[in-house]
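# Inside the fold
If you want the building blocks of each chain, they are given just below.
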Amino acid sequence: WLDSLRFDNLALRSLPVDTSEDSGPRAVPGACFSRVQPSPLQNPRLVAMSLPALALLGLKAPAADQEAAAEAEAALYFSGNRLLAGSEPAAHCYCGHQFGSFAGQLGDGAAMYLGEVLSPQGERWEIQLKGAGLTPFSRQADGRKVLRSSIREFLCSEAMFHLGIPTTRAGTCVTSDSKVVRDVFYDGNPKNERCTVVLRIASTFIRFGSFEIFKPPDEYTGRKGPSVNRNDIRMQMLDYVISTFYPEIQEAHSDNSIQRNAAFFREITKRTARLVAEWQCVGFCHGVLNTDNMSIVGLTIDYGPFGFMDRYDPEHICNGSDNTGRYAYNKQPEICKWNLGKLAEALVPELPLEISELILEEEYDAEFEKHYLQKMRKKLGLIQLELEEDSKLVSELLETMHLTGGDFTNIFYLLSSFSVDPDSSNLEDFLEKLTNQCASMEELKVAFKPQMDPRQLSMMLMLAQSNPQLFALIGTKANINKELERIEQFSKLQQLTAADLLSRNKRHWKEWLEKYRVRLQKEIESISDADAWNTDRVKVMNSNNPKYILRNYIAQNAIEAAENGDFSEVRNVLKLLENPFQETEDFEEVKEGAEEEGASAAAAACAQETRSRLPYSSKPPLWASELCVT
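From a predicted model like this one, the values you see are computed outputs, not experimental measurements.

## Here we look at the overall build of the protein
Summing up its helical and strand segments, the protein has 22 helices and 13 strands in all. Whereas a compact globule of 630 residues would reach a radius of gyration of roughly 25 Å, the protein reaches 26 Å, a difference of no more than 12%. Over its C-alpha atoms, taken along the principal directions, the protein stretches across nearly 75 × 65 × 65 Å. The buried share of the protein, reckoned over its 630 residues, is 53%. Of the contacts made within the protein by residues no fewer than 6 positions apart, 73% connect residues no fewer than 24 positions apart. Total accessible area on the protein is roughly 27,500 Å²; 51% of this is exposed by carbon and sulfur atoms. The positive charge centre, built from 68 side chains, and the negative charge centre, built from 90, are 3 Å apart in the protein.

The structure is reproduced here in structure tokens:
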């Protein structure tokens, strides 16, 4: 099945490759790649494969009688146990600013470039194994990934693609009987977990941090890139990236490298702005927006502690180890702009800073705002007119969601069934549906439960007053303010009844829906056929507001089933995420049948089955609030 793959490894021909054969952790100066070999796994087997992603490589779905053989082949080659003819495994060298500080050399510590496959359509796709073993960039780690993180990356890569968001793809997820020790909760209770490998696919995995290998010693951390003063390699990298991935820019500016590099920086600035606007519009939080996790071609890359926001909270933090909220949902646009600033610094002297900084100021915010508002208009069905007041309507919607603890995805999905007709009985029914998607009293109490010991908080507040320098070392003002806000909100909730909460939520939504109706009325006044307009409006909304996203609890159910040896839930969820905008009632029925077949499993698995019976479009159950991804 895989014999048809044809490799042409342009990156290794175009960029310097390290000559050392030493696979141990080390500095890699003067090179963009190091040759490596995947480490074999015991008894590799396929968890799931994405046929739409593999189709990019020219692989067709195997016939029914060939499925088992194709799965075995995928497990053998995409675990790293055997190499495909023409593949040349290598690990990529890059640096990065992590949580705002320059970390020096990082590189592919667990990922391996296998090569570049030429598809029958003439497209070029880099394929990578993530979790295939040690590389020179593994540092103190083992180069392995486990089932939990691999399933999340596999499913989210494909979910993002089917949501229409630029992303790297995932072709297969292969697990094994090989084990590594992981301290899951960083609490001193390590456990054995299965080594698992994901096949990743993209035009390239080069990132902003790839250009930071030339960085001289950082003024704050003292760390430097491994290839300081190698401007010849920076020029090679720019030539390769622009000619391969931005050929129209290369063609337009072939005789002037400064103009060419400026046009490239302008394009990656705009692509990044549009990408983060897309994230904001589906409530996606990346979790680790370091410069080494930013794609040089504007893709979502490196799925770690990501999360889709459930209850709308502009300050939502999906990464449990992001203590300061640097990468919170509402910070993503400004952080991506900051990262572009670091890329600009890394391109000097091939692109002078005064040129790149001007481009960043001119283009980024304007492109983000434009794309964000265009997308939000589609989500609200504002398809006829573009009015200045639309931005305010969006802000007021989000504020209403925040006040009522509305589920971001489900509220948007519901809005397509809002009737412009001011019939009060319809409005009451609709308000009922909306308030069902708002946080319950129990959910709010969990969300606003104070997290610090009162004595600790008291001590921190005194310290902030008496010794601000010491306080700055051990705490942040933002964290203390957030805790004080939690205490205030929690205290208010104690005085509130469920009926009060419902009444308050209905009032908030009624106020916003009145404004929304007035705006929709302006659309109707500008057209001649209101019925045709309404049909188009619903169609546009239903193709921009997903019904299904990869919520943490859905991923967790799939992970727990897989850890018990049942991969069917991973495959079910993959199928669901391939059609995020469509009702899939048939799929629900298939799923329940599958659950009945598994009724004889162990007690833990049975509890898991019961838990997963919630419809996939449901807002999360209460237990999901305890999930912590780091």
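Additional details are given in the paragraphs that follow.
## Considerations on the nonpolar core
With 161 residues, the main nonpolar core has Phe78, Phe265, Leu380, Leu415, Leu513, Tyr516 and Leu550 as its most contacted residues. Sort the elements by how many residues they give to this core and helix 7 (residues 257-282) lands first, with 12 residues. If you count residues domain by domain, this core takes at least three from each of domain 1 (6-227) and domain 2 (385-526). Ignoring any residue separated from it by four or fewer positions in sequence, one finds Leu380 in contact with Leu393, Val394, Leu397, Phe412, Leu415, Trp512, Tyr516, Leu520 and Met541. By size, the runner-up hydrophobic cluster in this structure holds 6 residues, among which are Ala439, Leu444, Phe448 and Leu501.

## Here we look at the packing of aromatic side chains
By the definition in use, this model includes 18 aromatic pairs. The interplanar angle of 65° and the centroid separation of 6.2 Å between the aromatic rings of Phe284 and Tyr303 together place this pair among those described as edge-to-face. Here Phe284, found in strand 12 (residues 284-285), pairs with Tyr303, found in the loop between strand 12 and strand 13 (307-308); they are 19 residues apart in sequence, far enough to count as distant. Tyr303 matches Phe284 in its accessibility class, with the two residues each being buried.

## Observations concerning the domain arrangement of the protein
Segmentation of the protein into domains returns domain 1 (6-227) and domain 2 (385-526). Taking only C-alpha atoms into account, the centre of domain 1 sits 40 Å from that of domain 2.

## Points about the packing of helix 8 (residues 332-347) against helix 9 (residues 353-379)
Any two packed helices are characterised by the angle at which their axes cross and by the distance between the axes. For the pair helix 8 and helix 9, interaxial distance at closest approach is 10 Å and the crossing angle is 160°. In terms of axis orientation, helix 8 runs roughly antiparallel to helix 9. In this structure, helix 8 crosses over helix 9, and the sense of that crossing is right-handed. Contacts between helix 8 and helix 9 involve Pro333, Cys336, Lys337, Leu340, Gly341, Ala344 and Glu345 on the former and, on the latter, Leu353, Ser356, Leu360, Glu361, Tyr364, Asp365 and Phe368. Grouping the constituent residues of the contact of helix 8 with helix 9 by class yields 8 nonpolar, 2 polar and 4 charged.

## Regarding the environment of Arg266
Structurally, Arg266 can be placed in helix 7. In the structure, Arg266 is positioned 98 residues away from Tyr364 in sequence and 8.8 Å away in space, judged by C-alpha atoms. Discounting chain neighbours no more than four positions away, the residues touching Arg266 are Ile359, Glu362 and Glu363. A polar contact of 2.5 Å, which involves the side chain of Arg266, links it to the side chain of Glu363.

## Observations concerning the pairing of strand 10 (residues 169-182)
Taken across its 14 residues, strand 10 has 10 buried, putting it largely inside the fold. Looking at chain direction, strand 3 (residues 45-49) and strand 10 are connected through 4 bridges and run antiparallel. Bridging across to strand 10, Ala48 finds its partner in Cys173. Summarising the sheet, strand 10 and strand 11 (residues 191-202) pair through 10 bridges and their orientation is antiparallel. Bridged to Val181 within strand 11 is Asn192.

## Brief notes about the confidence of the model for the protein
Looking at the protein, the pLDDT average stands at 92 and 95% of residues meet or exceed 70. Low pLDDT, under 50, characterises residues 588-607; the predicted model gives this stretch 16 contacts beyond four residues in sequence or across chains.

## Focus: helix 3 (residues 67-77)
By the burial criterion, the buried members of helix 3 are Ala70, Glu73, Ala74, Ala75 and Tyr77. Considering only its buried residues, helix 3 is in contact with strand 3, strand 8 (124-130) and strand 10.

## A look at the side chain of Gln105
Structurally, the position occupied by Gln105 is in strand 6 (residues 101-105). Gln105 sits in the buried class, given a relative accessible area of 19%. One polar contact links the side chain of Gln105 to the main-chain amide nitrogen of Val28, over a distance of 2.9 Å. Once residues within four sequence positions are removed from consideration, Gln105 is found in contact with Arg26, Ala27, Val28, Cys93, Tyr94, Cys95, Pro136, Phe137, Lys224 and Pro226.

## Focus on the environment of Met237
Here Met237 lies in helix 5 (residues 231-245). Along the chain, Met237 and Leu360 lie 123 residues apart, while their C-alpha atoms are 21 Å from each other. With residues near it in sequence (within four places) discarded, Met237 still touches Leu15, Cys32, Ser210, Phe211 and Phe214.

## Description of the packing of helix 14 (residues 454-466) against helix 16 (residues 477-494)
In contact at an axis separation of 11 Å, helix 14 and helix 16 are set at 135° when each is read in the N-to-C sense. The orientation of helix 14 with respect to helix 16, classified from their angle, is oblique. Crossing handedness for the pair helix 14 and helix 16: left-handed. Residue-level inspection shows Leu457, Met460 and Leu461 of helix 14 in contact with helix 16, the latter providing Ile480, Glu483, Leu484 and Ile487. In terms of residue class, the contact of helix 14 with helix 16 is built from 6 nonpolar, no polar and 1 charged.

## Some thoughts on the pattern of salt bridges
If the charged atoms of two oppositely charged side chains come close together, the side chains can form a pair. Per the counting criterion, the structure on display carries 45 salt bridges. For the salt bridge of Asp8 with Arg13, the shortest nitrogen-to-oxygen distance reads 2.9 Å. One salt bridge in this structure joins Lys492 and Glu488, with 3.5 Å as the shortest N-O distance. Highlighted residues: Lys492 and Glu488, both in helix 16, separated by 4 residues, approximately one helical turn. For Lys492, a relative accessible area of 48% corresponds to the partly exposed category. Put simply, Lys130, Glu153, Arg200, Arg207 and Asp302 are held in one network by salt bridges that share partners.

## So, the environment of Lys449
With respect to the helices, strands and loops of the structure, Lys449 is situated in the loop between helix 13 (441-447) and helix 14. By relative accessible area, Lys449 is classed as exposed at 53%. Taking the C-alpha atoms as reference points, Lys449 and Tyr240, separated by 209 residues in sequence, lie 52 Å from one another. Dropping the residues within four chain positions of it, Lys449 is found in contact with Arg486 and Phe490.

## Some points on the side chain of Thr172
Within the secondary structure layout, Thr172 lies in strand 10. The exposure class assigned to Thr172 is buried, which follows from its relative accessible area of 0%. Beyond its immediate chain neighbours, meaning those up to four positions away, Thr172 contacts Leu46, Ala48, Met49, Leu54, Ala74, Phe78, Phe154, Val197, Val198 and Leu199.

Reading the values: rules and limits
Position numbers for residues count from 1 along each chain, tracking the sequence in the order it is written. Totals for whole chains, interfaces and linings use every residue, but because this is a predicted model, local features are given only for residues with pLDDT of at least 70 and side-chain atom pairs only at 80 or more, for both listing and counting. Computation of side-chain values: all heavy atoms of the structure, hydrogens and water removed. Every helix listed is a DSSP run of H or I at least four residues long, and every strand listed is a run of E at least two residues long, numbered separately from the N terminus. Here the globule rule reads 2.2 Å times residues to the power 0.38, and the radius of gyration is calculated from C-alpha atoms. Summary of the burial criterion: residues with accessible area below 20% of their type's maximum are buried, those above 50% are exposed, and those between are partly exposed, where the area comes from a 1.4 Å probe applied to protein chains only. Between two residues, a contact is recorded if the distance between any of their heavy atoms is within 4.5 Å. We get accessible surface area from the Shrake-Rupley algorithm with a probe of 1.4 Å; when it comes to residues, only the shown protein chains can shield them. Only four residue types enter the charge count: Lys and Arg as positive, Asp and Glu as negative, with His and the chain ends excluded. Taken as the charge centre is NZ of Lys, CZ of Arg, CG of Asp or CD of Glu, depending on the residue. Among buried residues, the Ala, Val, Leu, Ile, Met, Phe, Trp, Tyr and Cys ones that are joined through side-chain atoms within 4.5 Å form a nonpolar core. Throughout, the edges of the domains are those of an automatic or database domain assignment. When the centres of two rings from Phe, Tyr and Trp lie within 6.5 Å, Trp using its six-membered ring, the rings pair. Their planes under 30 degrees apart give stacked, over 60 give edge-to-face, and anything left gives tilted. Note on geometry: axes are lines fitted to C-alpha atoms, helical ones only across the stretch in contact, with angles between N-to-C directions running from 0 to 180 degrees. Orientation labels follow simple angle bins: below 35 degrees gives roughly parallel, above 145 gives roughly antiparallel, 65 to 115 gives roughly perpendicular, and whatever is left gives oblique. A crossing counts as left-handed when the near helix is turned anticlockwise from the far one by less than a right angle, and as right-handed when that turn is clockwise. Just so you know the grouping, Ala, Val, Leu, Ile, Met, Phe, Trp, Tyr, Cys and Pro go in nonpolar, Asp, Glu, Lys and Arg go in charged, and all remaining residues, Gly too, go in polar. Whenever two N or O atoms come within 3.5 Å, that pair is a polar contact, provided that in protein one can donate a hydrogen and the other can accept it, and provided that, for residues adjacent in sequence, both atoms are side-chain atoms. Two strands pair if DSSP finds at least two bridges between them. pLDDT measures how confident the predictor is about each residue, on a scale from 0 to 100. Counted as salt bridges are all cases of a side-chain nitrogen of Lys or Arg within 4 Å of a carboxyl oxygen of Asp or Glu.

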